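# Results of the structural survey
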Amino acid sequence: EAKEHNVIITCRQRLEMTGVEDVNSFDEIQIIAKTCDADISIEGEELKIEKFDCESGNLTVKGRIDGLNYYNTKSQKKKKTIKRMINSSFFSSIA
């Protein structure tokens, strides 16, 4: 059975993610986490890991969320990008 992960971003200030297996690295501008299906890079400013429970796979991040990048864990090439879309005029117009 395939595992899944979910991401919820609230007001660009809080990110909650499920299905996280590990946090590979983190600082105030980038957090790299390993999920059940790909690596994910969370980008922003003043990022802080509020909570990470490796048993449940829940990760909570606070700070200004600017974007997410997914990477294929086998090839380490960029798989999907949601890059700076949160800052784009499309999202600004619907907010």
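Scroll up for the structure.
Figured I'd write up the structure that's included with this text.

Reading guide: rules and limits
- Residues numbered from 1 in each chain as written.
- Predicted model: local features only at pLDDT ≥ 70, side-chain atom pairs only at ≥ 80, totals over all residues.
- Heavy atoms only, no water.
- Helix = DSSP H or I, 4+ residues; strand = E, 2+ residues; numbered from the N terminus.
- Buried < 20%, exposed > 50% of the residue type's maximum accessible area, 1.4 Å probe, protein only.
- Core = buried A, V, L, I, M, F, W, Y, C linked by side-chain atoms within 4.5 Å.
- Contact = heavy atoms within 4.5 Å.
- Salt bridge = Lys/Arg side-chain N within 4 Å of Asp/Glu carboxyl O.

Attention now moves to the side chain of Asn69. Within the element layout of this structure, Asn69 appears in strand β6 (residues 58-71). Residue class for Asn69 comes out buried when judged on its relative accessible area of 1%.

Core analysis: the biggest nonpolar cluster contains 15 residues, and Leu15, Met17, Ile42, Leu59 and Val61 have the highest contact counts within it. At the level of elements, β2 (14-17), β3 (20-26), β4 (30-35), β5 (39-53) and β6 are the ones that each hand at least two residues to this core. No other element matches β6, which puts 5 residues into this core. Filtering out sequence-adjacent residues up to four positions away, Ile42 remains in contact with Leu15, Met17, Ile29, Gln30, Ile31, Leu47, Leu59, Val61, Ile65, Gly67 and Leu68.

Between side chains of opposite charge, a pair can form when the charged atoms approach closely. With the rule as written, the count across this model stands at 7 salt bridges. Close ionic contact of Arg12 with Asp66 constitutes a salt bridge, the shortest N to O distance being 2.7 Å. You can see Arg12 sitting in the loop between β1 (7-10) and β2 and its partner Asp66 sitting in strand β6, a full 54 residues away along the chain. Asp66 sits in the buried class, given a relative accessible area of 5%. Put simply, Lys34 and Glu21 hold a salt bridge, and the shortest N to O gap is 3.9 Å. Here Lys34, found in strand β4, pairs with Glu21, found in strand β3; they are 13 residues apart in sequence, far enough to count as distant.

Right, let's get into the environment of Gly44. Within the secondary structure layout, Gly44 lies in strand β5. With 19 residues separating them in the primary sequence, Gly44 and Gly63 have C-alpha atoms 7.1 Å apart. Each residue touching Gly44, except ones within four places of it in the same chain, is listed here: Glu28, Ile29, Arg64 and Asp66.

Among the secondary structure elements, Thr60 is positioned in strand β6. Taking the relative accessible area as the measure of exposure, Thr60 reaches 6% and is therefore buried. Setting aside anything within four residues of it in sequence, one finds Thr60 in contact with Arg14, Leu15, Glu16, Lys48, Ile49, Glu50 and Lys51.

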